[in-house]
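So the chains spell out like this:
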Amino acid sequence: MTDCIFCKIARKKIPAEVITESEDLVVFKDNQPNAPIHYLIVPKKHYESFSDVSDDILIKMKEMMLTLAKEKELKAFRIVANWGDYQAVKHLHIHFTSGFKKEDY
Ligand code: AMP
Ligand code: ZN
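Throughout what follows, the structure given in this document is the object of discussion.

The rules we used
- Residues numbered from 1 in each chain as written.
- Chains lettered and ligands numbered in written order.
- Predicted model: local features only at pLDDT ≥ 70, side-chain atom pairs only at ≥ 80, totals over all residues.
- Heavy atoms only, no water.
- Donors = N, O, S within 2.8 Å, 3.2 Å for Na, K, Ca; no water.
- Helix = DSSP H or I, 4+ residues; strand = E, 2+ residues; numbered from the N terminus.
- Buried < 20%, exposed > 50% of the residue type's maximum accessible area, 1.4 Å probe, protein only.
- Pairing = 2+ DSSP bridges.
- Salt bridge = Lys/Arg side-chain N within 4 Å of Asp/Glu carboxyl O.

## Some remarks on the coordination of the zinc ion (ligand 2)
- The coordination sphere of the zinc ion (ligand 2), as far as protein atoms go, consists of Cys 4 (SG), Cys 7 (SG), His 46 (ND1) and His 91 (ND1), spread over 2.0 to 2.2 Å.
- Here the donor residues of the zinc ion (ligand 2) share one chain and are spaced in sequence as C-x2-C-x38-H-x44-H. Here Cys 4, found in the segment before helix H1 (5-10), pairs with His 91, found in the loop between strand E4 (78-80) and strand E5 (94-98); they are 87 residues apart in sequence, far enough to count as distant. Each member of the pair, Cys 4 as well as His 91, is classed as buried.

## Some remarks on unusual backbone geometry
- The phi angle at Lys 12 is positive, at roughly 65°, despite the residue not being glycine.
- Residue position: Lys 12 is located in the loop between H1 and strand E1 (18-21).

## Quick look at the pairing of strand E3 (residues 37-43)
- The buried fraction of E3 amounts to seven of the seven residues, a majority that puts the element mostly inside the structure.
- The two faces of E3 match: Ile 37, Tyr 39, Ile 41 and Pro 43 on one face and His 38, Leu 40 and Val 42 on the other face are all buried.
- Taken together, the five bridges between strand E2 (residues 25-29) and E3 define a ladder with antiparallel strand orientation. Bridge pairing links Lys 29 to Tyr 39 in E3.

## Some thoughts on the pattern of salt bridges
- Considering all chains together, one arrives at four salt bridges under this definition.
- Where Glu 21 meets Lys 12, a salt bridge forms, and the shortest distance between an N and an O atom there is 3.0 Å.
- On the basis of relative accessible area, Glu 21 is assigned to the partly exposed category, the value being 36%.
- Between Asp 24 and Lys 60 there is a salt bridge, with the nearest N and O atoms lying 2.9 Å from each other. Residue Asp 24 is located in the loop between E1 and E2, and its partner Lys 60 is located in helix H2 (residues 55-71); the two are separated by 36 residues in the primary sequence.

See below:
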C-alpha cells in the first residue's frame, strides 16, 4: 500500500525508532507513547486488520512479544490492538507497553 505510513516505515521510506525486526515483522517506538515503553509490533506486509491476517503471522507476533520481554528483561507487559473505528492506522499492529508505575520497574 503506497499511502500507508506503516508500510513506509517497514520499507525504511520514512524514519522510525526501530527496536528490532525479523523477516516478517518490524518493531518500532510509538511516536506518541502512553507508557515508558510503548512499541508497535507490525507485520512488514500490509494487512489492514485481524480480519485479513494469517494465523502464522499472528503466531510470529506472539513470539516477538515474548522475545521483547526476554531481551528487555521485562517482568510485565501489556498488549492492546485496535480494530474497526478504534483503529486509526489501517495497517495491523499490536501496541506493546510496559514500565507502568504500579509495576515499579
Ligand atoms: P491505532 O491505530 O489507534 O491503534 O494507533 C496508531 C498508533 O500509531 C498511535 O499510537 C500513534 O501514535 C502511532 N503512530 C502513528 N504514526 C506513527 C509514526 N510515524 N511513528 C510511530 N508511531 C506512529
Ligand atoms: Zn501498510
